[in-house]
Amino acid sequence: MYSIFSKIKLLYKPYTQQILKVLEPHELTELQWGLLRYLQEDGPTTFSEIAEYWQVEKPSVTPVGQKLIDLGLIEVRPGKDKRQKVMHITEAGQLKYRECKASVDLYQSKLLEGVSEQQIKVVNEVLEQLTRNVKKRGLL
């Protein structure tokens, strides 16, 4: 029998591959979509804060942000400290966010067919607790 961790791992790759297909018509990668979604839903942030959130090194975030800047979907403004660069979503970025979100929501709703709200709530709670446990043990 598969453990919960094996099932999570088995779900990850096909889900990621399908999300790439969903985002392809919008000409965004999964990471670009993730950054755009973060800025729309959580507000302006720095490259360092995204790197910490994604649990990667800051140089890994820079090309993702730069591509969105080149596309006119985000802009960078100085923060309180002039050396700090804060990313903000632009109007074009907000439009792209709405377009992508509609496609992603449709795909995810199809995946959740036959899954009750209670089941979704329990899975979310379990995943949040697993994340806390991993962080507590210094692994994240």
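Below is a summary of the structure that appears in this document. Since we're looking at a predicted model, the values are computed, not measured.

Rules behind the numbers
Residues take numbers from 1 onward in each chain, read along the sequence in its written order. In keeping with the model being predicted, local features are shown solely for residues with a pLDDT of at least 70 and side-chain atom pairs are shown and tallied solely at 80 or more, while totals for entire chains, interfaces and linings include all residues. Computation of side-chain values covers all heavy atoms of the structure but excludes hydrogens and water. Per the convention used, a helix needs a DSSP run of H or I reaching at least four residues, while a strand needs a run of E reaching at least two, with both numbered from the N terminus. Exposed residues in this analysis have more than 50% of their type's maximum accessible area, buried residues have under 20%, and partly exposed residues fall in between, with area computed by a 1.4 Å probe over protein chains only. It only takes one pair of heavy atoms within 4.5 Å for two residues to be counted as in contact. The Shrake-Rupley method, run with a 1.4 Å probe, gives the accessible areas here. Residue values count only the displayed protein chains as cover. Charge assignment in this entry is limited to Lys and Arg as positive and Asp and Glu as negative, and neither His nor the chain termini are counted. Charge positions come from single atoms, namely NZ of Lys, CZ of Arg, CG of Asp or CD of Glu.

A few points about the overall build of the protein
- In terms of helices and strands, the protein carries 6 helices and 3 strands.
- Viewed in the frame of its principal axes, the protein has a C-alpha envelope of about 55 × 40 × 25 Å.
- For the protein, buried positions account for 26% of its 140 residues.
- Counting contacts in the protein only where the partners sit at least 6 residues apart, residues at least 24 apart contribute 53% of the total.
- Summing over all exposed atoms, the protein offers an accessible surface of approximately 10200 Å²; the carbon and sulfur share of this is 55%.
- Taken as two groups, the 21 positive and 18 negative side-chain charges of the protein have centres that lie 5 Å from each other.

Describing the side chain of threonine 46
- With respect to the helices, strands and loops of the structure, threonine 46 is situated in strand β1 (residues 45-46).
- Accessibility expressed as a relative area gives 8% for threonine 46, which makes it buried.
- With residues up to four places along the chain from it excluded, the contact list for threonine 46 reads Gln84, Lys85, Val86 and Met87.

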